[in-house]
Amino acid sequence: MFGYNEEQIAQFGLTFGVGAFMLYMVFIIVQLARESKAGRFGTFVLLLVLGFGLLGFAAKGLIKYFLR
């Protein structure tokens, strides 16, 4: 498709698609904090706890990059 093979398309999707999805998840966490009137500390706790999984996913990518 357009001169790209399946592996290149999958790599693009994993790189940018998952990155965009992670940014959308941060937006959802901030909206959740705003709607629940969590305040500054509550927003920080929500971003820390719920965003910790996102950090783990990003760390996995960095570890894979440096181990190559």
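Note that the structure is a prediction, hence the values are computed from the model and not measured.

Each value, and the rule that gives it
- Residues numbered from 1 in each chain as written.
- Predicted model: local features only at pLDDT ≥ 70, side-chain atom pairs only at ≥ 80, totals over all residues.
- Heavy atoms only, no water.
- Helix = DSSP H or I, 4+ residues; strand = E, 2+ residues; numbered from the N terminus.
- Patch = residues over 30% accessible without salt bridge, like charges linked within 9 Å, V, L, I, M, F, W, Y side chains within 5 Å.
- Areas by Shrake-Rupley, 256 points an atom, 1.4 Å probe, with all protein chains shown as cover.
- Salt bridge = Lys/Arg side-chain N within 4 Å of Asp/Glu carboxyl O.
- Phe/Tyr/Trp six-rings, centres within 6.5 Å; stacked < 30°, edge-to-face > 60°.
- Buried < 20%, exposed > 50% of the residue type's maximum accessible area, 1.4 Å probe, protein only.

Novice: Can you help me understand unusual backbone geometry in this one?
Specialist: Negative phi values dominate among residues other than glycine, just as trans dominates among peptide bonds. Notably, Lys37 is not glycine yet its phi reads approximately 50°, a positive angle. Mapped onto the secondary structure, Lys37 falls in the loop between helix 1 (6-35) and helix 2 (39-67).

Novice: Is there a simple way to think about a nonpolar patch on the surface in this case?
Specialist: A contiguous nonpolar patch, built from Leu32, Phe41, Phe44, Val45, Leu48, Val49 and Leu50 and spanning about 690 Å² of accessible area, is present on the exposed surface. Residue contributions to the nonpolar patch peak at 6 residues, all from helix 2. Note on placement: Leu32 falls in helix 1.

Novice: In this structure, what is going on with the packing of aromatic side chains? I would like to understand it.
Specialist: Two descriptors summarise a pair of aromatic rings, namely the distance from one centre to the other and the angle between the planes of the rings. Evaluation of the coordinates by the stated rule reveals 3 aromatic pairs. Ring centres 6.2 Å apart and planes at 25° place the aromatic pair Tyr24 and Phe27 in the stacked group. Here the residue Tyr24 and the residue Phe27 both occupy positions in helix 1, the gap between them amounting to 3 residues, near one helical turn. Measuring from ring centre to ring centre gives 5.3 Å for Tyr65 and Phe66, while their planes differ by 70°; the resulting arrangement is edge-to-face. This pair shows no difference in class: Tyr65 is exposed, exactly as Phe66 is.

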